[in-house]
Structure formats: structure tokens, C-alpha cells
Amino acid sequence: LGRQLRRLEMCSSNLPKQGNPLGDKGAQCLARLASSCANLRHLNATCCSIGDDGASSLADSLATMQCLVTLELDQNVIGNTGANQLGSALVRNSSLKGLSLWKNRIGPRGCEGLAEGIVANQSLQWLGLGCNKVGDEGAAHLARALASSKGSSCLDWLALGGNGITDKGGVIVARALEGKGAEELEVSDDEEAITEIDDGDIQVPQLRSLGMGGNDLSDEAAEAFALALHANPVLQSLGLSDCNIGDEGAQYIAESLQNNNTLSRLVLSGNCISDEGVCHLAGSLSQNDTLAALFLAENPISDEGARYFQEVLCRHNKSLS
């Protein structure tokens, strides 16, 4: 493996190894080689059966890989230990701009380590954590990191879809976007409570894109995100597909769109929004010239709901495509 990768490194700044059963031992070898590749900028080890030990080895090598721009470790078996090591590596690394960890086994404790790395890191721009085990507690750790005024994070893209986050965690993330603290959250009887986020220690994050689709949210979380859209002057894309949002949640979001001039992409596909909710959303577009893309596929909308949008698009809104 080492000889093959060295030959590849001589002619490329990428090391794509996706789909190979490297395992932890192979990842350790890959980490040693990557540390010696002076021009390595992109490393993709997707679907390689890498666990915590392999992730820890790659994390250790990040300290010396000051040219690496993206690290993709999707569809592996990385848990909290590996995620914590990657979080520690972010504290030391100043070149990495993208870290993708989709479809691993990262839970709240792993998110805590990643959150600490986000606060200290000044280069990471996007983080993919979709389809892990983040839950409400992990969401709270990440929310605290996003809004912390103690760091200088430049993270502007975060994917948290499919992580079992309920309204409790969704509200905390939304409050962080709004620049407010989060009330104490009891996750379960046998886990520690999330400590309160002090309003004095946070700021409105610079996040421009947030994906929350496929979580166990409802109209309660939709209301919280609507409030965030009133106050947040940065967010440009919000994904809330498959989140059990109904007409009440759609109304909250519609009201926020009337006063928002930054959001350009809103994903509400796969929810429970009917003609009533569509009526509210369509009405808000008559007063919004910023939203360019609105996704409503797989909602129970009839021809009547479609006519609401037809009227708005023909007479008022010129930005929606």
C-alpha cells in the first residue's frame, strides 16, 4: 500500500482511497505516508472500514500536514474516540478547510471534542456530520461552538441531518443562530445535562448554510428557526426537509421571511405542509425579494396550493427561480 501511494503522490496532490477495506492498520499506514507528502491537499478515505484507531492516526498526522485542505472519512465506523482526536487535531492544524464525517458512529461525546476544535480552529469552513448519532446533547455542544465569542471560527457550512435531533436540540441550535443562550437541557436520566450557554459568551455565528433535514423536529423547532431568521443577518441556506413540519411551522417560517433579506435557499421537502401552509409561504414571498430557491416536494399540496404560488410569481416575486 505504501509503495502504491508513493507512486500516486509523485503525480498528484490527491489521495483518493474510497471504497478500499483499509481498516485501522491500513489507515495508520496511510497516515504515515500522508505526513510525508509535502504537496498533499485532498485525502478521501470514504468507505474504508476505518475505526477509532485509524481515525486517531490520521488525526495525529494532521499536525504535520499543513497543506491538507480537505479530509473525507465518510461511511466508516469512527466513534467518539476518533472524533475527539480529530477535534484535538483541529486545534493544531491551520490549513484544513473541509472535514466530512457522514455516516459514522459519532455521538454527543465525540461532538464535544469536535466542538472544542471548532472554537480553536481558524481555517475550517465546512463540516459534514450527517447520519451519525449526534442527538440533542451533541447538537448543543456544536451550537455552543458556533456561537462562542471566545474563538474565531470561520465555519460557514454545517450538515447535521439524520442525527436523531429532537425539538430540544433544534431549539438550541436555532437560539445559537439567533445570538442567544440556551436553557439547560436534560437529555436523559442517566446523562449529564447540557450546561447553560451564557448570553455574554456568544455571538451571532458566521454560518451561511445549515442542514437539519431528517431529524425528529416539529413545528416547535420550526418556530425557533423562524425567530432565528428574524435576527440572523448571515444565514443563506437552511435545510429542514423531512422534519415533520406542518402548517403551523410553515406559518412561523413565512412570517420570518417577510423581514429576512439574506436567506436565498430554503428546503422544506418531505414535510406535512398542506395548502394552508403554502398559502402563508406564498403570501410572504410577495414581500421577499431575496429567496431564490424554495423546495416543497413531497408535501400534501394540491392544485389550489400551486395556484397560490402562481399568483405570487406572476404579480409580485421576481427572485424565486
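Caption draft 1: Representation of the layout of surface pockets. When its volume is computed, the largest pocket comes out at roughly 230 Å³. Tallied by class, the residues present in the lining of the largest pocket amount to nine nonpolar, eight polar and one charged.

Caption draft 2: Seen up close, helix α6 (residues 135-147). Between its terminal C-alpha atoms α6 stretches 19 Å, which fits the 18 Å expected from 13 residues at 1.5 Å a residue. The element α6 is extensively covered by neighbouring structure, given that twelve of its 13 residues are classed as buried. Along its buried surface, α6 packs onto α5 (108-120), β6 (157-159) and α7 (167-178).

Caption draft 3: Inspection of the packing of aromatic side chains at higher detail. Under the defined criterion, the tally for this structure stands at one aromatic pair. Between Trp126 and Trp157, the ring centres sit 6.1 Å apart and the planes meet at 90°, which makes this aromatic pair edge-to-face. Here Trp126, found in strand β5 (residues 126-128), pairs with Trp157, found in strand β6; they are 31 residues apart in sequence, far enough to count as distant.

Caption draft 4: Quick look at the environment of Leu238. Within the secondary structure layout, Leu238 lies in strand β8 (residues 237-239). Look at Leu238 and you get buried, because its relative accessible area is 1%. Residues Leu238 and Leu266, spaced 28 residues apart in sequence, show a C-alpha to C-alpha distance of 5.1 Å. For Leu238, the residues in contact, after removing those within four places along its chain, are Leu210, Phe225, Leu229, Leu263, Arg265, Leu266 and Val267.

Caption draft 5: Fine view of the pattern of salt bridges. One pass over the full model with this rule turns up three salt bridges. A salt bridge links Arg109 to Glu112, with the shortest nitrogen-to-oxygen separation between them at 3.8 Å. Of this pair, Arg109 and Glu112 both sit in helix α5, three residues apart, which is roughly one turn of that helix. A relative accessible area of 31% means that Glu112 is categorised as partly exposed. Connected via shared salt-bridge partners are Arg109, Glu112 and Glu137.

Caption draft 6: Summary view of the packing of helix α8 (residues 219-231) against helix α9 (residues 247-257). It is the contact of α8 with α9, at a shortest axis distance of 8 Å, that shows an interaxial angle of 0°. In terms of axis orientation, α8 runs roughly parallel to α9. Between α8 and α9, the contacting residues are Asp219, Ala222, Glu223, Ala226, Leu229 and His230 on the first element and Glu248, Gly249, Tyr252, Ile253, Glu255 and Ser256 on the second. Looking at the contact of α8 with α9 residue by residue, the classes come out as five nonpolar, three polar and four charged.

Caption draft 7: Just the confidence of the model for the chain, in detail. Across the chain, the average pLDDT comes to 87, with 84% of residues at 70 or higher. Contacts of residues 7-12 to residues separated by more than four positions or lying in other chains number seven contacts, the stretch itself having pLDDT below 50. Note on residues 182-197: pLDDT is under 50 here. Beyond four places in sequence and across chains, it has 30 contacts.

Caption draft 8: Geometry of the environment of Ala306. Structurally, the position occupied by Ala306 is in helix α11 (residues 303-315). Residues Ala306 and Ala282 lie 24 residues apart in sequence; the distance between their C-alpha atoms is 9.3 Å.

Caption draft 9: Local environment of the nonpolar core. If you look at the biggest cluster of nonpolar residues, it comprises 87 residues, and the most contacted ones within it are Leu210, Phe225 and Leu268. Non-local contacts of Leu210, meaning those with residues more than four positions away in its chain, are made with Leu158, Val173, Leu177, Phe225, Leu235, Ser237, Leu238 and Gly239.

Caption draft 10: View of unusual backbone geometry. Positive phi, normally seen in glycine, also occurs at Cys47, with a value near 55°. Structurally, Cys47 can be placed in the loop between β2 (42-44) and α3 (52-62). A positive phi angle, close to 55°, is found at Lys103, a residue other than glycine. By secondary structure assignment, the location of Lys103 is in the loop between β4 (98-100) and α5. Taking relative accessible area as the criterion, Lys103 reaches 48% and is therefore assigned partly exposed.

Caption draft 11: Local environment of the side chain of Asn104. Inspection of the secondary structure assignment puts Asn104 in the loop between β4 and α5. At a separation of 3.3 Å, a polar atom in the side chain of Asn104 contacts the main-chain amide nitrogen of Asn76. Among all residues touching Asn104, those that are not within four sequence positions of it are Leu73, Asp74, Gln75, Asn76, Val77, Ile78, Cys131 and Asn132.

Caption draft 12: The side chain of Thr70, seen in detail. Examined against the element boundaries, Thr70 turns out to sit in strand β3 (residues 70-72). With a relative accessible area of 10%, Thr70 lands in the buried category. A distance of 2.8 Å separates a polar atom in the side chain of Thr70 from a polar atom in the side chain of His42. Beyond its immediate chain neighbours, meaning those up to four positions away, Thr70 contacts Arg41, His42, Leu43, Leu96, Gly98 and Trp126.

So, how was this worked out
- Residues numbered from 1 in each chain as written.
- Predicted model: local features only at pLDDT ≥ 70, side-chain atom pairs only at ≥ 80, totals over all residues.
- Heavy atoms only, no water.
- 1 Å grid on protein atoms, 1.4 Å probe; cavity = no way out; pocket = protein on both sides within 12 Å on 5 of 7 lines; lining within 4 Å.
- Points joined across faces, edges and corners; volume = space filled by probe spheres on them.
- Nonpolar A, V, L, I, M, F, W, Y, C, P; charged D, E, K, R; others polar.
- Helix = DSSP H or I, 4+ residues; strand = E, 2+ residues; numbered from the N terminus.
- Expected span 1.5 Å × (residues − 1).
- Buried < 20%, exposed > 50% of the residue type's maximum accessible area, 1.4 Å probe, protein only.
- Contact = heavy atoms within 4.5 Å.
- Phe/Tyr/Trp six-rings, centres within 6.5 Å; stacked < 30°, edge-to-face > 60°.
- Salt bridge = Lys/Arg side-chain N within 4 Å of Asp/Glu carboxyl O.
- Axes fitted to C-alpha atoms, helices over the stretch in contact; angles between N-to-C directions.
- Parallel < 35°, antiparallel > 145°, perpendicular 65-115°, else oblique.
- pLDDT = per-residue confidence, 0-100.
- Core = buried A, V, L, I, M, F, W, Y, C linked by side-chain atoms within 4.5 Å.
- Polar contact = N/O pair within 3.5 Å; in protein donor to acceptor, adjacent residues only side chain to side chain.

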